[in-house]
Amino acid sequence: MVECEAQDREVGDPRAPAVRARAVQDALGQLDAFEPGTTEAARRLVPAESLALIDASRATDWIPAAHDWHVPAAIVETLGPRADAYFRSVLTRQLEAPLLRSTWTATQRLLGISPAALFYAVPLGWPVIYRDFGSIRILPHKAHAAGLRMTQVAPDVFEHPAYLTSFKGFFGGFLDVCKRDGEVELTAAPDTATVEITVRWT
């Protein structure tokens, strides 16, 4: 699923929750295309040590959540309420990029293009980008609604709420990719380390 010539390389503790470097780099690098001048504004909010690690990493490396969380937090602080629309736009680009292209192509071929079909692809695509963030279970879908439950969610997700903002935007991108109107509902339960996400469309 990850189209690359080199093997994955560990950066930091291999047991820690982590995010694929290319996804982290793209999240920062695509900001100016969304709103000019925001890439540098967001980069200034990321600690120098974390930024240096992100910039120096290869596309297939893993960035520990201890460094990664600064990126969604910086994006949310920089864009404010526009962050949701930005995270949605990132998803549409990722589906055509090397990280998720093969998963997206197979999904279209087997299931067509619909929000429900995209949810069925999540168990394949999610581990390409996120490692040890939680276990994904797709919930039974209805005619115009689909969703998932994430269990054993990493504490980092609840400690840094910008992760939840990015997740909600990510799944909201399903509506944009499929050209559907709708809404996204995210429910977080830190006490049970659970997150549920539902997308409804017309």
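Residues numbered from 1 in each chain as written. Predicted model: local features only at pLDDT ≥ 70, side-chain atom pairs only at ≥ 80, totals over all residues. Heavy atoms only, no water.

(A) Main features of the pairing of strand S7 (residues 194-201). Most of S7 sits out of view: six of its eight residues are buried. When strand S5 (residues 145-151) meets S7, the two strands line up antiparallel, connected through six bridges. Each bridged residue has a counterpart across the sheet, and for Arg 149 the counterpart in S7 is Glu 196. The pairing of strand S6 (residues 182-189) with S7 spans eight bridges and is antiparallel. Considered in S7, the bridge of Gly 182 is made with Trp 201. Between S6 and the antiparallel strand that follows it, S7, lie four residues; Ala 193 among them carries a positive phi value of about 50 degrees. (Buried < 20%, exposed > 50% of the residue type's maximum accessible area, 1.4 Å probe, protein only. Helix = DSSP H or I, 4+ residues; strand = E, 2+ residues; numbered from the N terminus. Pairing = 2+ DSSP bridges.)

(B) How the structure looks around the side chain of Thr 78. Structurally, the position occupied by Thr 78 is in helix H6 (residues 70-79). Residue classification places Thr 78 among the buried positions, given a relative accessible area of 19%. One polar contact links the side chain of Thr 78 to the main-chain carbonyl oxygen of Ala 74, over a distance of 2.7 Å. Among residues more than four places away in sequence, those in contact with Thr 78 are Thr 38, Ala 41, Ala 42 and Leu 45. (Polar contact = N/O pair within 3.5 Å; in protein donor to acceptor, adjacent residues only side chain to side chain. Contact = heavy atoms within 4.5 Å.)

(C) Inspection of the packing of H6 against helix H7 (residues 83-94) at higher detail. Relative to each other, H6 and H7 sit at 130 degrees, their axes nearing to 9 Å. With respect to each other, H6 and H7 are oriented oblique. Every residue of H7 that contacts H6 at Pro 72, Ile 75, Val 76 and Leu 79 is listed here: Ala 83, Tyr 86 and Phe 87. For the contact of H6 with H7, a count of residues per class yields seven nonpolar, no polar and no charged. (Axes fitted to C-alpha atoms, helices over the stretch in contact; angles between N-to-C directions. Parallel < 35°, antiparallel > 145°, perpendicular 65-115°, else oblique. Nonpolar A, V, L, I, M, F, W, Y, C, P; charged D, E, K, R; others polar.)

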